[in-house]
Amino acid sequence: MRVAQKPAPLFSHGRGSWLHDDRGRRWLDLVQGWAVNTLGHAPAAVAQAVAAQAGRLLQPGPGYHNDRAAELATRLAAASGMDRVFFGSTGAEANEGAIKLARKFGQVHRGGAFEIVTFENAFHGRTLATMSASGKPGFDRLFAPQVPGFPKARLNDLDSVRACLGPASVAVMLEPIQGEAGVIEARPDFLQALRRLCDERGLLLILDEVQTGLGRTGRLWGSEASGVRPDILTLGKGLGGGVPISALLAREAVCCFAPGDQGGTFGGNPLACAAALAVLDEVLAPGFLAGVQARAGRLRAGLDALGARLGSPPVEGRGLLLALELPNPDAATRAAERGLARADAAQDRPGLLLNAVRPQRLRFMPALTISAAEIDQALALLEALLRSPR
Ligand code: PMP
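Conventions used here
- Position numbers for residues count from 1 along each chain, tracking the sequence in the order it is written.
- A pLDDT threshold of at least 70 governs which residues receive local features in this predicted model, and a stricter bar of 80 or more applies before side-chain atom pairs are shown or counted, although totals over entire chains, interfaces and linings include all residues.
- Side-chain calculation: all heavy atoms of the structure are included, whereas hydrogens and water are not.
- Helix and strand assignments follow DSSP, with helices taken as H or I runs no shorter than four residues and strands as E runs no shorter than two, numbered in order from the N terminus.
- Only protein chains enter the accessibility calculation, which uses a 1.4 Å probe. A residue is then buried if its area is under 20% of the maximum for its type, exposed if over 50%, and partly exposed in between.
- As used in this structure description, the phrase polar contact means that two N or O atoms lie within 3.5 Å; if the pair is within protein, one of them must be able to donate a hydrogen and the other to accept it, and residues adjacent in sequence are counted only when both atoms belong to side chains.
- Residue proximity to a molecule or strand is established when one non-hydrogen atom of the residue lies within 4 Å of it.
- For the area figures, the Shrake-Rupley method with a 1.4 Å probe applies, and any residue is considered shielded solely by the protein chains shown.
- With a 1 Å grid spanning the protein atoms alone, the term cavity applies to any set of points in which a 1.4 Å probe fits but cannot get out, the term pocket to an open set with protein on both sides within 12 Å along at least five of seven lines, and the term lining residue to any residue with an atom within 4 Å of a point.
- Any molecule with more than half of its atoms within 2 Å of a cavity's or pocket's grid points is counted as sitting in it.
- Grid points are joined across faces, edges and corners, and a volume is the space filled by probe spheres set on the points.
- Charged means Asp, Glu, Lys or Arg here, nonpolar means Ala, Val, Leu, Ile, Met, Phe, Trp, Tyr, Cys or Pro, and polar covers whatever is left, Gly included.
- As used throughout, domain bounds are those supplied by an automatic or database domain assignment.
- Each helix should span, by expectation, one fewer than its residue count multiplied by 1.5 Å.
- Residue contacts are counted whenever heavy atoms from the two residues lie within 4.5 Å of one another.
- In short, buried area is how much 1.4 Å probe accessible area vanishes from two parts on joining, totalled over both.
- Note on pairing: DSSP must find at least two bridges between two strands before they are called paired.
- What counts as an axis is a line fitted to C-alpha atoms, over the stretch in contact for a helix, and the angles between N-to-C directions run from 0 to 180 degrees.

A. Examining unusual backbone geometry more closely. Here the bond from Ala144 into Pro145 is cis, since omega is 0°, no more than 30 degrees from zero. Its identity as a non-glycine residue notwithstanding, Phe143 has a phi of 60°, on the positive side. Residue position: Phe143 is located in the loop between α5 (128-133) and β6 (152-153). In this structure Phe143 comes out as exposed when scored by relative accessible area, which is 55%.

Written out as structure tokens, the structure is:
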């Protein structure tokens, strides 16, 4: 089915920051599966873990425990400060579970409260409930009627959150950095004020770290910039390093699902959990996150310098989730098109894969392992693409 405008190349293999097609062309990849490939393409650690696990046990079924899921649950809980976890396969599934958990909490502890305050331009997924929780323009009319109970506040505006609250409120849900909106950060002081407001009113704070989690921002969690601890935390994308797995984590006091309330055939399958364990091993290894911060500093400085030459405002975002606003309309769309078309096998000329998160705005979400030389090469290619005549 035609659900996206996909360009022609048929990608066939990759290694680290490089993606190749079936016609011998190669691209330096700053999209990385949409902020998914934490360790780049086909990382040895994940490939070996998946291969070994495939020969041991693929899926005993969601009605049984398995050793990989048990270990991953323990390690994620320790790393996040949360107490319990439910595994799914996509970010939307983790967020759908978070919404259900908050509604169940409302039924059990808050007299049936069910409303979850979410934010304009937020993105939480493409199930009906997560689309309703999202604030992407147009989502309210697509597939109407929406799932009710998601009043929308404005990011970084506490009064707009207060205005959404009422007796039916049970939670506030947001991304530490709105990725799909164009890399718009929830200010640390706003997140701290939100935490206080939730505590005062007995509301749950749900953080969607599907895009910001697992080292993407240079810290393990995007929320670390504010020091705010959520009641419910969702993970996806980078957790499996390219293998589909997501997680819904929560504090013990919030965990009110009874058997039968939540489930999924593939959740917690040991194949995906083995991949996530391999990713966690790498990301938590001494020095890894310091390395991400160093690489992020290099990319940011290079983008800021390039932006200054072009007349762009300073780069936004954190770590290796960054955005550059361009001075000309459609400049980002055109740069992404040119970066794709630039690859030429006969001339051994590489292309550059870019995400135009908006027509005038580029989002950068490279592998956390991208090298300094690759960053410099990407910056040089980007400048050439942005300066080339129409
Ligand atoms: N939450 C956030 C913050 C996301 O960025 C995304 C995906 N872009 C999702 C949820 C949905 O994840 P998935 O596509 O795996 O369902």
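B. How the structure looks around the side chain of Gln178. You can see Gln178 is positioned in strand β8 (residues 177-178). You can call Gln178 buried: its relative accessible area is 3%. Among the polar contacts listed, one links the side chain of Gln178 to the backbone oxygen of Glu120, at a separation of 3.2 Å.

C. Structural detail: the site of the ligand. Taken together, 13 residues form the shell around the ligand, and within it Gly91, Ala92, Asp208, Gln211 and Lys237 come nearest. A distance of 3.4 Å is found between a nitrogen atom of the ligand and a backbone nitrogen or oxygen belonging to Phe123. Here a nitrogen atom of the ligand and a side-chain polar atom of Asp208 are 2.7 Å apart. When the ligand is considered free in solution it has 400 Å² of accessible area, and contact with the protein chains removes 83% of it. Taken atom by atom, the bulk of the ligand overlaps the largest pocket. The leading source of residues in the shell around the ligand is helix α4 (residues 91-109), at three residues.

D. Seen up close, the layout of surface pockets. Of the pockets and cavities examined, the largest pocket occupies roughly 1900 Å³. Ala4, Trp34, Glu180, Asn355 and Arg363 are, among the 49 residues lining the largest pocket, the residues nearest its centre. The residue makeup of the lining of the largest pocket, split by class, is 25 nonpolar, 14 polar and ten charged. For the lining of the largest pocket, the two domains that each supply at least three residues are domain 1 (12-42 + 286-387) and domain 2 (44-283). What the second largest pocket holds in volume is close to 840 Å³. Residue lining of the second largest pocket: 29 residues in total, with Pro62, His65, Val85, Phe86 and Phe87 positioned closest to the centre. Contributions of two or more residues to the lining of the second largest pocket are made by α3 (67-80), β4 (84-88) and β12 (246-250). Taken together, the residues that form the lining of the second largest pocket break down as 17 nonpolar, nine polar and three charged.

E. Up close: helix α9 (residues 288-310). The end-to-end C-alpha separation of α9 is 33 Å, in line with the 33 Å expected for 23 residues at 1.5 Å each. Listed in full, the buried residues belonging to α9 are Phe288, Leu289, Gly291, Val292, Ala296, Leu299, Gly302, Leu303, Leu306 and Gly307. On the buried face of α9, the contacting elements are α8 (270-283), β14 (321-325), β17 (361-364) and α11 (372-387). Gly311 sits one or two residues past α9 and shows a positive phi near 95°.

F. Summary view of the domain arrangement of the protein. Taken domain by domain, the protein consists of domain 1 (12-42 + 286-387) and domain 2 (44-283). For domain 1 and domain 2, the distance between their C-alpha centroids amounts to 27 Å. Facing 26 residues of domain 1, the contacting portion of domain 2 comprises 28 residues. Between domain 1 and domain 2 the total buried area reaches about 2300 Å² when both faces are included, carbon and sulfur atoms providing 56% of it.

G. Expanded view of α11. If you check α11, its first and last C-alpha atoms are 23 Å apart, about what 16 residues at 1.5 Å a residue would give, namely 22 Å. Along α11, the positions that sit buried rather than exposed are Glu374, Ile375, Ala378, Leu379, Leu381, Leu382, Glu383, Leu385 and Leu386. Those residues of α11 that are buried are in contact with β2 (18-21), β3 (26-29), α9, α10 (331-341), β15 (351-353) and β17.

H. Region of interest: the environment of Met173. Tracing the chain through its elements places Met173 in strand β7 (residues 169-174). Note: C-alpha distance between Met173 and Ile99 (74 residues apart in sequence) is 8.9 Å. Setting aside its immediate chain neighbours within four residues, Met173 contacts Asn95, Ile99, Ile116, Val117, Thr118, Phe119, His124 and Ile206.

I. Geometry of the sheet that holds strand β16 (residues 355-358). An order of β13-β14-β17-β16 is seen for the four strands of this open sheet, with the pairing classed as antiparallel. The open sheet has two edge strands, β13 (316-318) and β16, and neither has a second partner. Within this sheet the neighbouring strands show an average axis-to-axis angle of 25°, counted without direction. Seen against the sheet, α9 touches β13, β14 and β17 and runs at an angle of roughly 0° to β14. Each of β16 and β17 touches α10; the most contacted strand, β16, lies at about 160° to it.

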